[in-house]
Amino acid sequence: MRQLRLAIIGFGTVGRWLAGAVHRRRAWLEGECGVAVSVVSVATRRDGFLHRDAGLEIPAVLDLVAARRPLAAYPGAQRWETALDGLAKTECDVLAEASNTNPRDPEPALSHLRHALGRGTHVITSSKGACASAALELAALARQHGVQFRMESTVMSGTPILSTLREGLAGTRVLGMRGILNGTANHILTLMAKGLDYVTALADAQAQGYAEPDPTDDVEGHDVVAKVRILAAAAFGHALPCDQVIRRGITDITSEAVQQAAHDGCRIKLVASIQPRPPSDRTGAAPMLLEARVEPLALPLTDPLACVDGVMNALTVQTDTVDEVTIIGPGAGPAQAGQGIFADLVAVARVG
Ligand SMILES: NC(=O)c1ccc[n+]([C@@H]2O[C@H](COP(=O)([O-])OP(=O)(O)OC[C@H]3O[C@@H](n4cnc5c(N)ncnc54)[C@H](OP(=O)(O)O)[C@@H]3O)[C@@H](O)[C@H]2O)c1
């Protein structure tokens, strides 16, 4: 049986779900992929980097976290103050990076990802900020070192859009894409379509745990901009700078505008779109241009995106072979984000 040593940086919602899934699905991983996965390292900001060559007992680590005890209380493990120190001093085959980056800031995840790939370690990550600013660089680094770099849960969480682009739609030319990529904003707009005003709808999203106490990244479109940049890299091989994505959030959407849209047979949605534009010269030497936008739009009810409600996400991809493909599914949540990164782990495990 092949052994696969997994290090998990960021042991919050996503990291803990991944560890639990590795434990619960141990027999399936052995049967399906022919690998025995052991979690050799776990890191958090507060507790530093915990490592044991022979593998950590996952239930024991999860129990410590549940009891709010420090990871240092785990017996017989080595510990370093920071994840980078620990990564440099220990060995693993796969790094799962799930620290809590904000979508506008690539660190601390980017340093962890560069370090691991540079050492020839496979990387799977849910960190949007790092992937938004450096997906192509990280993919090139992975190729250079003969390892995989996967980031499924960064866009639409466990709803498999990136693997669909990479594997299912491999070889197609993507002609454009548009979608609903933020469940919090979509939940608020769905409630506004039912008659609530923005402030009440936001309060509901916060009460249900969909919106952070500071909802800026969700309602001002920054989170969607990060996802647009990741999609631009994945589908078009294009490193899209943040300031080239036209961004408008939903904070100035009034109840009157929502009711007017309903009267006109439309629904207002926060829509992300990426459209390739022909280069400005005719020689073909100029790089392809992408027009990328995140903005509220009134969509007619005949548009499939108009009926995507609540915290659901959706993306329609136009291709030169299978025309339009639309994927709809949940875009956040522990199991959803955990499933995305678990699928990445399985992809690595299958290839070895
Ligand atoms: N939750 C979702 O539905 C979802 C969906 C898709 C993508 N994501 C992305 O996945 C990532 C993780 O999300 P989450 O919900 O699991 O976040 P979370 O619950 O807030 O957990 C974040 C973890 O990262 C750790 N961390 C922060 N800085 C660190 C550092 N420098 N070194 C080591 N560990 C560090 C934190 O440690 P402390 O607790 O000690 O601070 C915590 O254990 C984020 O980038 C998020 O955007 C989440």
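Residues numbered from 1 in each chain as written. Predicted model: local features only at pLDDT ≥ 70, side-chain atom pairs only at ≥ 80, totals over all residues. Heavy atoms only, no water.

## Re the site of the ligand
Residues in close proximity to the ligand total 24 residues, the closest being Val 14, Arg 46, Asn 100, Ser 126 and Gly 333. Contact distances for the ligand include 3.0 Å between an oxygen atom and a backbone N or O atom of Phe 11. At 3.4 Å from an oxygen atom of the ligand is found a main-chain nitrogen or oxygen belonging to Gly 12. For the ligand, whose unbound accessible area comes to 910 Å², protein coverage reaches 79%. Within the shell around the ligand, the residues separate by chemical class into eight nonpolar, 13 polar and three charged. (Near = heavy atom within 4 Å. Polar contact = N/O pair within 3.5 Å; in protein donor to acceptor, adjacent residues only side chain to side chain. Areas by Shrake-Rupley, 256 points an atom, 1.4 Å probe, with all protein chains shown as cover. Nonpolar A, V, L, I, M, F, W, Y, C, P; charged D, E, K, R; others polar.)

## Notes on the packing of aromatic side chains
Tallied over the entire structure, the rule returns two aromatic pairs. When the ring of Trp 28 is compared with that of Phe 342, the centres are 6.4 Å apart and the planes differ by 40 degrees; the resulting orientation is tilted. Note that Trp 28 is positioned in helix α2 (residues 26-33) and Phe 342 in helix α13 (residues 334-351), a separation of 314 residues in sequence. With 6.3 Å between their ring centres and 70 degrees between their planes, Phe 49 and Trp 80 make a pair best called edge-to-face. Here Trp 80 lies in strand β4 (residues 78-80) and Phe 49 lies in strand β3 (residues 48-51), a separation of 31 residues in the sequence. For Phe 49, a relative accessible area of 0% translates into the label buried. Classification of Trp 80 as buried rests on a relative accessible area of 18%. The aromatic ring of Trp 17 is capped on one face by Arg 24, whose charged end is 5.4 Å from the ring centroid. It is Arg 25 that lies over the ring of Trp 28; its NZ or CZ is 4.7 Å from the centre. (Phe/Tyr/Trp six-rings, centres within 6.5 Å; stacked < 30°, edge-to-face > 60°. Helix = DSSP H or I, 4+ residues; strand = E, 2+ residues; numbered from the N terminus. Buried < 20%, exposed > 50% of the residue type's maximum accessible area, 1.4 Å probe, protein only. Lys NZ or Arg CZ within 6 Å of the ring centre and 35° of its normal.)

## Details of the pattern of salt bridges
Taken as a whole and judged by the stated rule, the model has 18 salt bridges. The partner of Asp 344 in a salt bridge is Arg 150, with the nearest N and O atoms 3.5 Å apart. Of this pair, Asp 344 sits in helix α13 while Arg 150 sits in strand β7 (residues 149-150); the two residues are 194 residues apart in sequence, bridging distant segments of the chain. Exposure class is identical for Asp 344 and Arg 150. Each is buried. When the shortest N-O distance is used, the salt bridge between Asp 309 and Arg 267 registers 2.8 Å. Taken together, the residues span a long stretch of sequence, with Asp 309 in the loop between β11 (289-300) and β12 (312-319) and Arg 267 in strand β10 (residues 266-277) at a distance of 42 residues. Each member of the salt-bridge network shares a partner with another, and the members are Arg 150, Arg 166, Glu 167 and Asp 344. (Salt bridge = Lys/Arg side-chain N within 4 Å of Asp/Glu carboxyl O.)

## Here's the deal with the packing of helix α6 (residues 128-144) against helix α11 (residues 222-236)
Here α6 crosses α11 at 30 degrees, and the two axes come no closer than 8 Å. On the basis of their axis angle, the class for α6 and α11 is roughly parallel. The hand of the α6/α11 crossing is left-handed. Of the residues in α11, those touching α6 at Lys 128, Cys 131, Ala 132, Ser 133, Ala 135 and Leu 136 are Asp 223, Ala 226, Lys 227, Arg 229, Ile 230 and Ala 233. Here the contact of α6 with α11 is built from residues that sort into seven nonpolar, one polar and four charged. (Axes fitted to C-alpha atoms, helices over the stretch in contact; angles between N-to-C directions. Parallel < 35°, antiparallel > 145°, perpendicular 65-115°, else oblique. Left-handed = near helix turned anticlockwise from the far one by under 90°. Contact = heavy atoms within 4.5 Å.)

## A short note on the sheet that holds β3
Strand order across the open sheet formed by seven strands is β4-β3-β2-β1-β5-β6-β7, with mixed pairing between neighbours. The sheet terminates laterally at β4 and β7, the two strands that pair on one side only. Sitting on the sheet, helix α5 (residues 109-118) is in contact with β1 (2-9), β5 (94-97), β6 (122-125) and β7, with an inclination near 170 degrees to β5. Sitting on the sheet, α13 touches β1, β2 (35-44), β5, β6 and β7, and the angle it makes with β6 is about 160 degrees. (Pairing = 2+ DSSP bridges.)

## Focus: the packing of helix α1 (residues 13-24) against α13
Packing of α1 against α13 brings their axes to within 8 Å, and their N-to-C directions diverge by 60 degrees. For the element pair α1 / α13, the angle class is oblique. Once α1 is placed against α13, the crossing between them reads as right-handed. Of α13, the residues touching α1 (which contributes Thr 13, Val 14, Trp 17, Leu 18, Ala 21 and Val 22) are Pro 334, Ala 335, Ala 337, Gly 338, Gln 339, Ile 341, Phe 342 and Leu 345. For the contact of α1 with α13, the per-class residue count stands at 11 nonpolar, three polar and no charged.

## A closer look at unusual backbone geometry
The linkage connecting Glu 107 with the following residue, Pro 108, adopts the cis geometry, with an omega of 10 degrees. With respect to the helices and strands, the residue Pro 108 is situated in the loop between β5 and α5. Positive phi is not limited to glycine here, since Met 156 has a value of about 65 degrees. Summarising the element assignment, Met 156 is placed in the loop between β7 and α7 (162-168). Judged by its relative accessible area of 0%, Met 156 is buried. The phi angle at Asp 323 is positive, at roughly 55 degrees, despite the residue not being glycine. One can find Asp 323 in the loop between β12 and β13 (324-330).

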